[in-house]
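Commentary on secondary and tertiary structure
Given next are the chains, with one letter for each unit.
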Amino acid sequence: MAWRPPFTPRVVWLSNKSEDEEEKGAEAAPPLQHEEVQELQLLQADPNWELPEEMQKQEYTHVLHNPRAKVYWASFEPKDREGSTVMVAEAMTEALTYDAEAGAALLDTLVESEVSTLKQVPRIVRCIHRWFTTNTDESAEHRLDNTLVELTDAHPHDVVVALLRCAPSCDRAAAAMWRMMVTTSMTTKKVFQELLCVLEDWPLHSTSTSDGDQQAVLALAATRVLREILRVPRCPRGLKVNFPRLLLALLFQVLYSTEQMSDKVDTFWRECQEEGGLPTSPSRFIVLTVKALLCRLGYRLVAFEVERKRGWDTLLHAETHHCAMGLLAREFHGVSRHFNASVVSYLVELLSKNEPRCELPAMAFLVEILASPGADVRVDSFLQLVPRYLESDCRMMRSLVLKGLSVLCGTPRMVPKMRFLVHRLTDVLQDTDMDMVRMSLSVLSKVIRDPRFPISTPIALQLAERLRPLFDNESWYVQQLSVSIFKEVIERVAGDGKKLLKTLVHQSLLPLIFHVHDENKAVAATCWGTLLQATRFLKKEKLRQVVAKDQQIEAIGECLGSLGST
């Protein structure tokens, strides 16, 4: 039995009219009556019917667009269409082998008639890919453009996932399909959103299509597609709109690909390499894609500066990847408010999840861009993450968090937002790493000096206890900051706090006296002013007068001794 489109009524199939005649006749012809539809359905269902031998080679392409065939198809109940669509989808595969043009026409009719039920979309995508594979002629290549666009607009997820599955290495046919989808205004946004979901889920994106297929999709396959999209002459709008997320997804992929790759990723990459022209490792390919993305969107200077500072090489090693992320973020400082806002929102959201492998590079990029215009959109959310990350076992993470707070302190209106962190920052003062202590003191000094910040008794006691041991620190910067914060505390504590704080203030007198003649003038001046304030606080008027007259340390010591004996 010769092949024929299963959904086309045999009375239509046997028509000898030309396509023009059919179309003209259809205009005047009334809609099929119920009896006619029944008759056609019975005729189609006849298992013994065969196409006459003399008509087996007859040209039949024109009947696939027969208006009466479409009317006939529309007469099916929705529940019956789905089963018939399976037959149509199977026929398409056969048609593409038997007659490519007939298969294309069948695809057109299927999509135009709105019978592309969700369960058959992946199969239709494979048929379209097969069409692009078998038709290399440039004019014929665009034969199914509208069909592909309509299908993608209706079912973007199924189309994107199905194409990534059937052509993961992005062959010539797949590249042509991707170009059409991303350069068409009605589908570009939807396609990029689906690609981003795959790009951000390394190494395998777990998903399913409406036909029940649950085969995971390789994130690296989406990267391969993105590289092809970057070669499109006209820059797709979706590329510009989604640039921040695309950039970050690729940067995290570089980190993940430096780890031990799964067998699936390794096998896939070997297959890609067989096509030629690709780097030996996926990580280098991803870095090249990042560079291509930057250059394509007008950030060639950023790419050049990172290259000059050897940032791309740094990015390729897991132990230095976060350093390169910070470098790249600094190069983007002040680029655009939209970029900054998008990046901060994305990274804060990412850091809110439990994703240990990407937390360090995410924080490294975030803290470098916090002070940029537009980056304040999620500052409150970032601050809520600080207590959690200050307790991290990773020294570098704690350092980055404190650096981020220091950056925010540069904007006066941000300082009051950090009041709730005073307790956590005070605990950091016990850290053995003086860099951590120094950064914590820097932030505390700005928060404590805010006149609108009330210093409660518990905070005053905690600070005084943590600050006093730092008066003798080897770092003059730590000395000066700790003493100045101590002075602020004893000046502004109120109520019962004064009484409870008296012992700690008394214990601070001796170390303060030792440093009033420190070789560092800044430290000496700060200690002198704090010592005066301490004598007022303790109501030791005689000692205050001696200190105020700028007497030698011996005289101050003798006075303090006499006060102690009394």
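Our structure is the block above this text.
Residues numbered from 1 in each chain as written. Predicted model: local features only at pLDDT ≥ 70, side-chain atom pairs only at ≥ 80, totals over all residues. Heavy atoms only, no water.

Ranked by internal contacts, the top residues of the largest apolar core, which has 163 residues, are W178, F252, M363, F365, F382, L405 and M418. For this core, the element with the highest residue contribution is helix α15 (residues 243–258), accounting for 11 residues. Once residues lying within four places of it in the same chain are set aside, the contact partners of M363 are L351, F382, Y389, M397, L400 and V401. (Core = buried A, V, L, I, M, F, W, Y, C linked by side-chain atoms within 4.5 Å. Buried < 20%, exposed > 50% of the residue type's maximum accessible area, 1.4 Å probe, protein only. Helix = DSSP H or I, 4+ residues; strand = E, 2+ residues; numbered from the N terminus. Contact = heavy atoms within 4.5 Å.)

Here the focus is the packing of aromatic side chains. Taken as a whole and judged by the stated rule, the model has 9 aromatic pairs. With 5.4 Å between their ring centres and 85 degrees between their planes, F471 and F486 make a pair best called edge-to-face. Remark: F486 occurs in helix α28 (residues 476–492) and F471 occurs in the loop between α27 (457–467) and α28; sequence separation between them is 15 residues. The pair F471 / F486 is uniform in exposure class, with both members buried. Centre to centre, the rings of W476 and Y477 are 6.1 Å apart; their planes meet at 85 degrees, and the pair counts as edge-to-face. Under the relative-accessibility criterion, Y477 is labelled partly exposed at 29%. Members of the aromatic cluster, connected to one another through ring pairs, are F243, Y299, F332 and F339. The ring centre of Y256 lies 3.9 Å from the NZ or CZ of R357, which sits over that ring. (Phe/Tyr/Trp six-rings, centres within 6.5 Å; stacked < 30°, edge-to-face > 60°. Lys NZ or Arg CZ within 6 Å of the ring centre and 35° of its normal.)

This part is about the environment of R227. Mapping R227 onto the fold places it in helix α13 (residues 219–229). Of the residues examined, R227 reaches a relative accessible area of 18% and is grouped as buried. Sequence separation between R227 and A292 is 65 residues, and the spatial gap between their C-alpha atoms is 7.8 Å. What R227 contacts, discounting residues up to four positions off in sequence, is F285, L288, T289 and A292.

Overall, the coordinates contain 26 salt bridges when judged by the stated rule. Linking D266 and R270 is a salt bridge whose minimum nitrogen-to-oxygen distance equals 2.5 Å. Taken together, the residues span about one helical turn, with D266 and R270 both in helix α16 (residues 263–274) at a distance of 4 residues. We note a salt bridge from R310 to D313, for which the minimum N-O separation is 3.3 Å. Owing to a relative accessible area of 34%, D313 belongs among the partly exposed residues under this scheme. Overlapping salt bridges bring together R224, E228 and R231 as one network. (Salt bridge = Lys/Arg side-chain N within 4 Å of Asp/Glu carboxyl O.)

This part covers the side chain of Q253. One can find Q253 in helix α15. Under the relative-accessibility criterion, Q253 is labelled buried at 0%. For Q253, the side chain forms a polar contact with the side chain of T223, separated by 2.6 Å. Once you skip the residues sitting within four places of it in the chain, Q253 turns out to touch L199, W202, A219, T223 and I286. (Polar contact = N/O pair within 3.5 Å; in protein donor to acceptor, adjacent residues only side chain to side chain.)

Our next topic: a positive patch on the surface. Positive charge collects at one region of the surface, where K498, K499, K502 and K539 lie side by side. Among the secondary structure elements, K499 is positioned in helix α29 (residues 496–514). Under the relative-accessibility criterion, K499 is labelled exposed at 71%. (Patch = residues over 30% accessible without salt bridge, like charges linked within 9 Å, V, L, I, M, F, W, Y side chains within 5 Å. Areas by Shrake-Rupley, 256 points an atom, 1.4 Å probe, with all protein chains shown as cover. Lys, Arg positive; Asp, Glu negative; His and termini not counted. Charge placed at Lys NZ, Arg CZ, Asp CG, Glu CD.)

As for its placement among the helices and strands, E194 is situated in helix α12 (residues 185–199). If we ignore the near neighbours within four places in the chain, the residues touching E194 are P156, H157 and V160.

This part covers α27. Looking only at α27, the buried set comprises I459, A460, Q462, L463, A464, R466 and L467. Buried residues in α27 make contact with α25 (422–428), α26 (434–448), α28 and α29.

Let us look at the packing of helix α7 (residues 121–134) against helix α9 (residues 145–154). Packed helix pairs are characterised by how far apart their axes lie and by the angle those axes make with each other. Interhelical geometry of α7 versus α9 gives an angle of 155 degrees and a closest axis separation of 11 Å. With respect to their mutual orientation, α7 and α9 come out roughly antiparallel. Seen along the crossing, α7 lies across α9 with a hand that is left-handed. On the side of α7, the interface is formed by V121, I124, V125, I128 and F132, while α9 contributes D145, T147, L148 and L151. Per-class residue counts for the contact of α7 with α9 are 7 nonpolar, 1 polar and 1 charged. (Axes fitted to C-alpha atoms, helices over the stretch in contact; angles between N-to-C directions. Parallel < 35°, antiparallel > 145°, perpendicular 65-115°, else oblique. Left-handed = near helix turned anticlockwise from the far one by under 90°. Nonpolar A, V, L, I, M, F, W, Y, C, P; charged D, E, K, R; others polar.)

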